[in-house]
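Structural characterization, general
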Protein chains: 2
Amino acid sequence: MGELMKSHFEGSKALITGGIGFIGSHLAERLAGLGAEVTLIDSLIPDYGGNLFNIEPFRHQVHVNVSDVRDTYSMRHLVQGQDYLFNLAGQTSHLDSMRNPEPDLEINCRAQLSILEACRACNPKIKIVFASTRQIYGRPQQLPVPETHPLNPVDVNGINKMAGEKYHLLYNDVHGVSAAVLRLTNTIGPRMRIKDARQTFVGVWIRQLLEGKPIEVWGGQQLRDFTDVDDAVDAFLLTAADPKTNGEVYNLGGSEVIDLGSLAKLLVAVNGSGEFAVKEFPAERHKIDIGDYYSDFSKIESELGWKPKRSLRETLEGTVKFYREHLAAYL
Amino acid sequence: MGELMKSHFEGSKALITGGIGFIGSHLAERLAGLGAEVTLIDSLIPDYGGNLFNIEPFRHQVHVNVSDVRDTYSMRHLVQGQDYLFNLAGQTSHLDSMRNPEPDLEINCRAQLSILEACRACNPKIKIVFASTRQIYGRPQQLPVPETHPLNPVDVNGINKMAGEKYHLLYNDVHGVSAAVLRLTNTIGPRMRIKDARQTFVGVWIRQLLEGKPIEVWGGQQLRDFTDVDDAVDAFLLTAADPKTNGEVYNLGGSEVIDLGSLAKLLVAVNGSGEFAVKEFPAERHKIDIGDYYSDFSKIESELGWKPKRSLRETLEGTVKFYREHLAAYL
């Protein structure tokens, strides 16, 4: 994949919203390595995923533009001249979206629409890859979940991400602004937020583990799949590079399906020590929990040749190692 | 139905957003006749459906509160003490939503969320009936279209109405604010907007007919169904009155399915004179046209006993008669 991607992205211009965040920073590093001219947009809102430590290793290889995707006029300027827009900025906390729906709507709906309007007005030839989420399916009616599964989101975040995704497909279909959608499942790896569960509960677990506290597992029976962040980056690049993805939606998925109790056990094993405690689901979270979930990612596998390359154990090993070295930068 | 409804709504308090508009004003008149204490909220934005002439016959029987549903604090006050909220306010023009998406998002998404937040905070025992639209299905994959059809809206308005609908279902499921959804197809009758096609193209046709101009039919082959506004009002009342509708979505439909060429012919026949001309679809509209559509309304029929009572001819006769008498009030 490396050579093909190099020939594709070398010398190209790529904009990444949420570029100082977890997935965005990995994508930035990879694109910069492939010879792309990369600009990162991030608002660095403390409750969200941006962390300047994420980009330290390659800070001099990218342009950093600290701004908010809700800022319509900045976006109009920044999309100009870009070949690619990796649109990853978002409010990710399900619980925050229920407690205070307005910022979620502003970021996940209104800003998306204004980014798309900016592209339509100022750079209609750009290719956009939008980071959507499996949250928009709600509680699965079948497993694994294919892209054709009905969309029944169970929280405000899921509804707004669904609208954000649909805007992208609409601008592709009606306005000819090329856009493709990836529906991410739990993505994990170095640089994910571990301060709290706003991005993924696995972050909190790793923090608990490294701070010598028992991992707090709610329920424990729920099935999940996990995508290694490097695998997710592969998917973004493959999708951006191939015009047949325009107007399409692809699930990402993981190399294995695991229940959360077993995941906690595996994490303890990878760490070499630690413990976990199974607790009851907090009521507020239980109401918006989706139960078991794992993806059918056969569409992206057959169309783009993507599949998860890393085992869950490898991913957890790399992640735990990273936070052992850099814990302080993420607290 | 009359007696049952009277016993249900007499002495109750009902709030109608969009209450000076087409469907809202009919609902208001009916509720007032049943002995409900009715408050109408309407912004009277000239491009939308509100028209004070609509409520002239019963103006003294209702409270009129001119305000905008985007106005969060007013809504917080107005929902208090109400038994029912008939939530009909919306931006309805598909084309406007494509040309200028922001107001559509503000009204059809953000305001809906803030209305629901107002109910959750200030009146969680209210029952809400939300006016959704068949537009959220997009281009039908099967006919007639049931409620389980995938949601693939083809314009910004459809996406935002979809989000608005999902918020209502979410607040029902998670926050216990009782809400039910009606997905309306083309609703027609007296008091609909005829100035332009922002509400329904049938309005424009009637205006053309009464002004002695040929009715301009785009395409003409498309199949559609039409709900008489009085039938739609029946559905709103039945849905509000029955708690088993909470969290449910129901299609409305029409007594017959007709292609637009035949509809134009029928309209000329009903009027006793006039002509129509079939023209090519304007490109801008064609891109967001949904092709053939008609509803499967068997769910509301079996669960609530609703079905269209008026024939299309009767509806057109009543409508043409109304605009012959009151044309000037709608230009």
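Higher on the page you've got the structure.
Rules used in this analysis
Residues numbered from 1 in each chain as written. Chains lettered and ligands numbered in written order. Predicted model: local features only at pLDDT ≥ 70, side-chain atom pairs only at ≥ 80, totals over all residues. Heavy atoms only, no water. Helix = DSSP H or I, 4+ residues; strand = E, 2+ residues; numbered from the N terminus. Rg over C-alpha atoms; globule rule 2.2 N^0.38 Å. Buried < 20%, exposed > 50% of the residue type's maximum accessible area, 1.4 Å probe, protein only. Contact = heavy atoms within 4.5 Å. Areas by Shrake-Rupley, 256 points an atom, 1.4 Å probe, with all protein chains shown as cover. Pairing = 2+ DSSP bridges. Axes fitted to C-alpha atoms, helices over the stretch in contact; angles between N-to-C directions. Parallel < 35°, antiparallel > 145°, perpendicular 65-115°, else oblique. Nonpolar A, V, L, I, M, F, W, Y, C, P; charged D, E, K, R; others polar. Salt bridge = Lys/Arg side-chain N within 4 Å of Asp/Glu carboxyl O. Least-squares fit on C-alpha atoms with pLDDT ≥ 70 in both.

1. Considering the overall build of chain A
Broken down by element type, chain A carries twelve helices and twelve strands. Since a compact globule built from 331 residues should have a radius of gyration of about 20 Å, the 19 Å found for chain A is in line with a globular shape. Considered along the principal axes of its C-alpha atoms, chain A spans approximately 55 × 40 × 40 Å. Scored against the burial criterion, the 331 residues of chain A give a buried share of 58%. In chain A, of all internal contacts separated by at least 6 residues, the share reaching a separation of at least 24 is 81%. Of the accessible surface of chain A, which amounts to about 12200 Å², a share of 49% is contributed by carbon and sulfur atoms.

2. Concerning the sheet that holds strand β10 (residues 249-251) of chain B
Residue and element names in this part refer to chain B. Sheet architecture is open: seven strands sit in the order β3-β2-β1-β4-β5-β6-β10, paired in parallel fashion. The open sheet terminates on both sides in strands that have one partner only, identified here as β3 (63-66) and β10. Strand-to-strand twist across the sheet, computed as the mean angle between neighbouring axes with direction ignored, equals 20°.

3. Quick look at the packing of helix α5 (residues 101-122) of chain A against helix α5 (residues 101-122) of chain B
Contact pair α5(A) / α5(B): the axes reach a minimum separation of 11 Å and the direction vectors enclose 170°. In terms of orientation, α5(A) lies roughly antiparallel with respect to α5(B). When α5(A) is examined against α5(B), the residues Pro101(A), Glu102(A), Leu105(A), Glu106(A), Cys109(A), Arg110(A), Leu113(A) and Glu117(A) are found in contact with a partner set consisting of Pro101(B), Glu102(B), Leu105(B), Glu106(B), Cys109(B), Arg110(B), Leu113(B) and Glu117(B). Looking at the contact of α5(A) with α5(B) residue by residue, the classes come out as eight nonpolar, no polar and eight charged.

4. Brief notes about the pattern of salt bridges
Pairing between side chains of opposite charge can happen when their charged atoms approach one another. All names here are of chain A. For the structure shown, the criterion picks out 48 salt bridges over all chains. Here Glu325 ties to Lys321 by a salt bridge, and the two come within 3.4 Å at their closest N and O atoms. Within this pair, Glu325 and its partner Lys321 are both found in helix α12 (residues 312-326), separated by four residues, close to a single helical turn. A relative accessible area of 52% means that Glu325 is categorised as exposed. Connected through shared salt-bridge partners, Arg30, Asp231, Asp234, Lys309 and Arg310 make up one network.

5. Looking at the relation of the copies chain A and chain B
When chain A is brought onto chain B, the operation consists of a screw motion whose angular component is 180° and whose axial shift is 0.0 Å, with 0.0 Å RMSD remaining. Look at the turn and shift together and you get a two-fold axis relating the two. When the interface residues of chain A are mapped onto chain B, 100% of them again lie at the interface, so the same face is used by both copies.

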